[in-house]
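Summary of structural features
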Amino acid sequence: DTAVSQTPKYLVTQMGNDKSIKCEQNLGHDTMYWYKQDSKKFLKIMFSYNNKELIINETVPNRFSPKSPDKAHLNLHINSLELGDSAVYFCASSPRTGVKTNEQYFGPGTRLTVT
Amino acid sequence: AQSVTQLDSHVSVSEGTPVLLRCNYSSSYSPSLFWYVQHPNKGLQLLLKYTSAATLVKGINGFEAEFKKSETSFHLTKPSAHMSDAAEYFCVVSDYTDKLIFGTGTRLQVFP
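Here we summarise the structure given alongside this text. (Residues numbered from 1 in each chain as written. Chains lettered and ligands numbered in written order. Predicted model: local features only at pLDDT ≥ 70, side-chain atom pairs only at ≥ 80, totals over all residues. Heavy atoms only, no water.)

1. Concerning unusual backbone geometry
Residues and elements named next belong to chain A. So the rule is basically this: Segments assigned H or I by DSSP are reported as helices when at least four residues long, segments assigned E as strands when at least two residues long, and all are numbered from the N terminus. Here the term buried applies to any residue with accessible area under 20% of the maximum for its type, exposed to any over 50%, and partly exposed to those in between, with areas from a 1.4 Å probe on protein chains only.
The omega torsion across T7 and P8 is -5°, close enough to zero to call that bond cis. Summarising the element assignment, P8 is placed in the loop between β1 (4–7) and β2 (10–13). Positive phi, normally seen in glycine, also occurs at S80, with a value near 45°. Mapping S80 onto the fold places it in the loop between β8 (73–78) and β9 (87–94). Residue classification places S80 among the partly exposed residues on the basis of a relative accessible area of 37%.

This is the structure:
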């Protein structure tokens, strides 16, 4: 009965490769997010989608492309990986968008290491 | 623009003693505030949230936080620390666009 799940949990790859991270939520939420946590544990939002529509795009390089096939899934594809992309990526979901009281439910994270 | 400042990067306490993790916020309107906890190599779990109802908010695992508008603070407390409380704690403010803006985190260590 996992609420927000991500695959893979760990991803080690070389510079220049393309990789994807998948996220699924079974909470029936309308809104999903991607966050990046750097080596100093600082968390910053990257994207949010509401019912498959892009809502937030936070000045992320266009090598990062989110894709939402349906409202329960939000995948993150990264092209031409760079060393600075090494981080932990968290997926999250919330019931709906545009509500400041929304709490967000986080997945377990994907630790990406680029060598 | 909204922001949060966590005043301590590390806090160490002995088991059974009180915990205080400090957070100040900046917001141009009445904010929603949250505390999240991250145990080692785990995702983030919501501890509690303030949404302009009661100023004293009770959360899970015995944690609570008090919203003080005059001090722009939202400090997290627990009367008695447990070894399992050792983790990273994030104070978070939400804006109307759904963005959660995270503080830099406070690492809580609990000694036996």
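2. With respect to the state of the cysteines
The following threshold applies: A pair of sulfur atoms, both from cysteines and within 2.5 Å, is called a disulfide here.
Scanning the entire structure with this criterion turns up two disulfides over all chains. What pairs with C23 of chain A in a disulfide is C91 of chain A, and their sulfur atoms sit 1.8 Å apart. Residues C23 of chain A and C91 of chain A are joined by a disulfide whose S-S torsion is about -75°; by sign, that bridge is left-handed. One end of the pair, C23 of chain A, is in strand β3 (residues 19–25); the other, C91 of chain A, is in strand β9, with 68 residues separating them in the sequence. C91 of chain A matches C23 of chain A in its accessibility class, with the two residues each being buried. Between the sulfur of C23 of chain B and that of C91 of chain B lies a disulfide, 2.0 Å long from S to S. Disulfide C23 of chain B-C91 of chain B: the torsion about the S-S bond is -65°, which places it as left-handed. In this pair, C23 of chain B is assigned in strand β4 (residues 23–26) and C91 of chain B in strand β10 (residues 87–94), connecting sequence segments 68 residues apart.

3. A closer look at the packing of aromatic side chains
Just so we agree on the cut-off: Here the aromatic set is Phe, Tyr and Trp, taking the six-membered ring for Trp, and pairing holds for ring centres within 6.5 Å; pairs whose planes are under 30 degrees apart are stacked, those over 60 apart are edge-to-face, and all others are tilted.
Applying the stated criterion across every chain yields a total of 14 aromatic pairs over all chains. Note on Y50 of chain B and F74 of chain B: the rings are 6.3 Å apart at their centroids and 50° apart in plane angle, and the pair reads as tilted. In this pair, Y50 of chain B is assigned in strand β6 (residues 44–50) and F74 of chain B in strand β9 (residues 73–78), connecting sequence segments 24 residues apart. Among the aromatic side chains, those forming a connected cluster through ring pairs are Y33, Y35, F90 and F106 of chain A together with F34, Y36, F90 and F102 of chain B.

4. Observations regarding the layout of surface pockets
A water-sized probe rolled over the atoms picks out the places where empty space is left. This is how it is decided: Lining residues are defined by having an atom within 4 Å of a point belonging to a cavity or pocket. Those points lie on a 1 Å grid over the protein atoms alone, cavities being sets where a 1.4 Å probe fits but cannot get out and pockets being open sets with protein on both sides within 12 Å along at least five of seven lines. Grid points are joined across faces, edges and corners, and a volume is the space filled by probe spheres set on the points. Each residue receives one of three labels: charged for Asp, Glu, Lys and Arg, nonpolar for Ala, Val, Leu, Ile, Met, Phe, Trp, Tyr, Cys and Pro, and polar for the others, Gly being one of them.
Within this model, the largest pocket holds a volume of roughly 300 Å³. Forming the boundary of the largest pocket are 19 residues, of which Q37, K41, V88 and R111 of chain A together with N41 of chain B lie nearest the centre. Elements with a minimum of two residues in the lining of the largest pocket: β9 and β11 (110–114) of chain A. Partitioning the lining of the largest pocket into residue classes produces seven nonpolar, seven polar and five charged.

5. Some points on the sheet that holds β1 of chain A
Residues and elements named next belong to chain A. Short version of the rule: Strands are treated as partners if at least two bridges between them are detected by DSSP. For every element, the axis is a line fit to its C-alpha atoms; helices are fit only across the contacting stretch, and the angle between N-to-C directions ranges from 0 to 180 degrees.
With antiparallel pairing, four strands are arranged side by side in an open sheet as β1-β3-β8-β7. Of all the strands in the sheet, just β1 and β7 (64–70) have a single pairing partner and so form its edges. Adjacent strand axes in the sheet meet at a mean angle of 20° when their direction is disregarded. Alignment of β1 against β3, held across four bridges, turns out to be antiparallel. Looking at β3, one finds that V4 is bridged to Q25.

6. Focus on the pairing of β8 of chain A
All names here are of chain A. Here β8 shows a buried face lined by L74, L76 and I78 and an unburied face lined by H73, N75 and H77. Note: β3 against β8, four bridges, orientation antiparallel. Following the sheet pairing, E24 is matched in β8 by H73. For β7 and β8, the ladder comprises five bridges, and the chain directions are antiparallel. Of the residues in β8, the one forming a bridge with K67 is N75. Hairpin connection between β7 and β8: a loop of two residues separates the two successive antiparallel strands.

From the geometry alone we can't say anything about function, so treat these as descriptive.
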